[in-house]
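# Analysis of the macromolecular model
Spelled out from the first residue to the last, the chains are:
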Amino acid sequence: MNAPTQAAHLAPAVQARPVPQAFIDALKARFGDNCSTALVIREQHGRDESAFAPVPPPSAVVFAECTQDVSDAVKLASEYKVPVIPFGVGSSLEGHLLAVQGGISIDLTRMNKVLSINAEDLTVTVQPGVTRKQLNEEIKSTGLFFPIDPGADATLGGMSATRASGTNAVRYGTMRENVLALEVVTASGEVIRTGTRAKKSSAGYDLTRLFVGSEGTLGVITEVTVRLYPLPEAISAAICSFPSIEAAVQTVIQIIQLGVPIARVELIDHNSVRMVNAYAKLGLREEPMLLMEFHGSPAGVKEQAETVQEIASDHGGNAFEWATTPEERTRLWTARHNAYFAALQSRPGCRAISTDTCVPISKLADCLLDSITETDASGLPYFLVGHVGDGNFHFGYLIDPNIPSEREVAEALNHKLVSRALSLGGTCTGEHGIGLHKMDFLVTEAGVGAVSMMKTIKQALDPHNIMNPGKIFH
C-alpha cells in the first residue's frame, strides 16, 4: 500500500505555467465582456467544496455560450499551451477545479438549454450547464424524469465528467449507465461526437465511456444525451430507526440480496441525525436511520414496503414513518440532503474531508463497522451518510483547518478506510472522482500498468497536457 497521505496533501503543489499577456489579449479580443480577469471572478472559479488549502486562481475566466465559444477558447489555449479547467457549479469535493498549474477557467453555466426531448425514445439532449433540477422541471409534462441525484444541484456536464451517481443509483444506475452520447471539444479545439441515441451499439471503441469520468482531463463536454425513465405510478418513502449501525446495514444487505427493487436506501448515522435536527429544526429520533423510497405500481410499492418493513423489524427497526405525497416525501428526504451543510454548521469554521469508498454489498458491514470503530476512537467529530444499497458510503471528518494535527488524523483515517475497502474488493471512489485527493489510491487500486495505460491515452489525446492538468495523475 502507499504511505498514508499526509496533511501536506491538502496543500497541493502549485506549478503554475506562464500565461502570456498575448493570450489574455487574444481571449479578450474574441470574447469581449465574456472574458473576465477580475480577481473576485477568478477566485470564485478557483475553488470548490473540497477542504484543500487555497491555491492561486486561474488567470482568466471565459463564459462560454455555445460550443463554438468553447472550441475557440481551447484552440487559443492550445496555441499558447495554457491549461484549461471546465467549470460547472463548483460542487466538486476532490479539488477538480483548482488551478494547480494555472491557466483559464471555462464557465459552462450559460450553456443551459435543453436541446431536444425525445419522449418516445426516453432520451433528452442538453447543454452541459443544465442542472438536474432544471432538467426535471422542463420534462415533467412528458411523464418522464431523470433519476441521477448526487445531492447537489449539479450540472449534467459536471456529473458526466465525474461519473456521478447518488441516492437513486441502487435502482437506476450511475451516469456511466445513463449517458448515451456526448459532444466534446478536444484538446486541439476540434468538436467530436461520441455515441448515438440508440440504446446500444458495437461500433468501434466506446469513446462515450472514455469521456464519462475523465474529470475534464481529456476534453470539454458541450452536449450530453441521457436516458429518461417513466415517472412511477406510485411512490412511497419511509424512514426507520435502528438500535445500531450494524442492524441498519444488515437490513440493507438482506433487502438487496433478496432482490427487492428498492429505488433508494440511504443510511444516516446518529451524528448526522443530531446535526440535521439542529440545522432544520426537525424532531427525528437520534439513532441510526434508513431512508427508503419505493417506485412502481400501487400494488408493487405496497408489497415492497411490506417486505422491507418485515426485514427491518427482524433487525430491530422501529418508528417507521411513511410518506406518499410529494410534500411528505420532501420532508423526509430533507434530512439526507441537508446532512453536509448541517454538519458544517455543527462546528462553525470547520471544513469537511469527505470519504467516498464503495465495496461489494456482502462486504459492507465489515468495512463500515471497522471504520466506525477507528473513527470513534480518534475523537474527531464526524458524520456518516451513504447510498448503502450499492455499497457506497461517506464519512465526513470535521476538521479545524487551522489545526494541522486534525488534518493528519483525518487523512490517516481516510487512508485506513480506503485500504480496507480495496482489500475487500472495493474502490477508493464510488462517485466523487479522483481529482487531487485520490491520485495515490488510484495507483494502488488500478495498478501501475493500468495507470500507465491511462497516461498513454491522456498523452495521445492531449499532447500539450492543457486539459485540467495535475488531476487524476501526478
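Up top is the structure.
Structural notes, computed from the coordinates. All chains use their own residue numbering, which begins from 1 and follows the written sequence. For a predicted model such as this one, the threshold for reporting local features is a pLDDT of at least 70, and the threshold for listing and counting side-chain atom pairs is 80 or more; totals across whole chains, interfaces and linings nevertheless cover every residue. As a convention, hydrogens and water are excluded, and side-chain values are obtained from all of the structure's heavy atoms.

## Remarks on helix α15 (residues 404–423)
A run of H or I in DSSP counts as a helix once it spans at least four residues, and a run of E counts as a strand once it spans at least two, with each numbered from the N terminus. Under the convention used throughout, the expected extent of a helix is 1.5 Å for every residue step, that is, one less than its residue count. Taking 1.5 Å of rise per residue, 20 residues should cover 28 Å, and α15 covers 29 Å from first to last C-alpha, within 8% of that figure. Of the residues trailing α15, G425 is marked for its positive phi of about 85 degrees.

## A word on the sheet that holds strand β4 (residues 104–107)
Pairing between two strands requires that DSSP report at least two bridges joining them. What the four strands build is an open sheet, ordered β1-β2-β4-β3; its pairing is mixed. Two strands in the sheet have a free side with no partner beyond their single neighbour: β1 (35–36) and β3 (84–87). With four bridges joining them, strand β2 (residues 60–63) and β4 adopt parallel strand pairing. Paired with V61 across the strands is S105, a residue of β4. Only heavy atoms matter for contacts: two residues are in contact if any of them lie within 4.5 Å across the pair. The angle between two axes is taken between their N-to-C directions and runs from 0 to 180 degrees, where each axis is a line fitted to C-alpha atoms and a helix contributes only its stretch in contact. Across the sheet, helix α1 (residues 21–31) is in contact with β1, β2 and β4; its angle to β2 comes to roughly 25 degrees.

## Brief notes about the pattern of salt bridges
Any carboxyl oxygen of Asp or Glu that lies within 4 Å of a side-chain nitrogen of Lys or Arg is treated as forming a salt bridge with it. Tallied over the full model, the rule gives 17 salt bridges. Across the pair R176 and E177 runs a salt bridge whose closest N-O atoms are separated by 2.8 Å. In this structure R176 comes out as partly exposed when scored by relative accessible area, which is 45%. On the accessibility criterion, E177 (30% relative accessible area) is partly exposed. Residues R264 and E293 are paired through a salt bridge, measuring 3.9 Å at the closest nitrogen-oxygen approach. With a gap of 29 residues between them, R264 in strand β13 (residues 264–268) and E293 in strand β14 (residues 289–296) connect regions that are remote in the sequence. Judged by its relative accessible area of 11%, R264 is buried. Only protein chains enter the accessibility calculation, which uses a 1.4 Å probe. A residue is then buried if its area is under 20% of the maximum for its type, exposed if over 50%, and partly exposed in between.

## Digging into the packing of helix α16 (residues 439–446) against helix α17 (residues 448–461)
It is the contact of α16 with α17, at a shortest axis distance of 6 Å, that shows an interaxial angle of 120 degrees. When the interaxial angle is binned, α16 and α17 end up oblique. Residues L442, V443 and A446 of α16 touch α17, and the partners they reach there are V448, A450, V451 and M454. Only Asp, Glu, Lys and Arg are considered charged, only Ala, Val, Leu, Ile, Met, Phe, Trp, Tyr, Cys and Pro nonpolar, and every remaining residue, Gly among them, polar. The residue makeup of the contact of α16 with α17, split by class, is seven nonpolar, no polar and no charged. Reported orientations rely on four angle classes, namely roughly parallel under 35 degrees, roughly antiparallel over 145, roughly perpendicular from 65 to 115, and oblique for the rest.

## Digging into the sheet that holds β14
With antiparallel pairing, seven strands are arranged side by side in an open sheet as β15-β12-β14-β13-β17-β18-β16. What marks the edges here is a single partner per strand, and that holds for β15 (318–323) and β16 (351–354). Sheet twist, expressed as the average angle between the axes of neighbouring strands with direction ignored, equals 20 degrees. Alignment of strand β17 (residues 382–387) against strand β18 (residues 392–399), held across six bridges, turns out to be antiparallel. Each residue of the ladder has a partner; that of G386, found in β18, is F393. Across the sheet, helix α9 (residues 245–257) touches β13, β14 and β17, and the angle it forms with β13 is around 165 degrees. Most of the contacts of helix α14 (residues 364–378) go to β18, to which it runs at about 10 degrees, and overall it touches β13, β17 and β18.

## Quick look at the nonpolar core
To qualify as a nonpolar core, a set must consist of buried Ala, Val, Leu, Ile, Met, Phe, Trp, Tyr and Cys residues joined through side-chain atoms within 4.5 Å. L267, M292, L368, L384 and F395 are the most contacted members of the largest nonpolar core, which has 45 residues in total. In terms of residues, this core owes the most to one element, α9, which gives seven residues. Among the nonpolar cores identified, the runner-up in size contains 25 residues, and V126, A164, L218 and V224 belong to it.

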